[in-house]
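For reference, the chains in residue letters:
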Amino acid sequence: MKEKKVEIILQYRQREVDMDDVVKRVEEDYKAHGNTDKIEKKEIYVKPEDFTAYYVINDRVEGKVLLF
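*Asks:* Even after reading the chapter, I still don't get the packing of aromatic side chains, so can you show me in this structure?
*Replies:* Here the distance between the centres and the angle between the planes together describe a pair of aromatic rings. Scanning all chains against the criterion turns up two aromatic pairs. Taking the centre distance of 6.1 Å and the plane angle of 70° together, the rings of Tyr12 and Phe51 count as edge-to-face. Of this pair, Tyr12 sits in strand E1 (residues 9–12) while Phe51 sits in the loop between strand E3 (42–47) and strand E4 (52–57), and the two are 39 residues apart along the sequence. Centre to centre, the rings of Phe51 and Phe68 are 5.7 Å apart; their planes meet at 75°, and the pair counts as edge-to-face. Remark: Phe68 occurs in the segment after strand E5 (61–66) and Phe51 occurs in the loop between E3 and E4; sequence separation between them is 17 residues. Looking at Arg15, its charged tip hangs above the ring of Phe51, at a distance of 5.1 Å from the centre.

What counts, and at which threshold
Residues numbered from 1 in each chain as written. Predicted model: local features only at pLDDT ≥ 70, side-chain atom pairs only at ≥ 80, totals over all residues. Heavy atoms only, no water. Phe/Tyr/Trp six-rings, centres within 6.5 Å; stacked < 30°, edge-to-face > 60°. Helix = DSSP H or I, 4+ residues; strand = E, 2+ residues; numbered from the N terminus. Lys NZ or Arg CZ within 6 Å of the ring centre and 35° of its normal.

Given below as structure tokens:
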């Protein structure tokens, strides 16, 4: 049986963002900073009060992207 896609939307102070878009931006930011290693592991920490998602890729590369 095929799994149904789950859409997760973060709403905060009259703003909203699709979390799939945040994941895509994290991956793009990782590559934009010259990283070429395959992404084996992604950790994303969403902090709405800072309007930021912080990330760690492959337990070694850290970065951040804006949520909104």
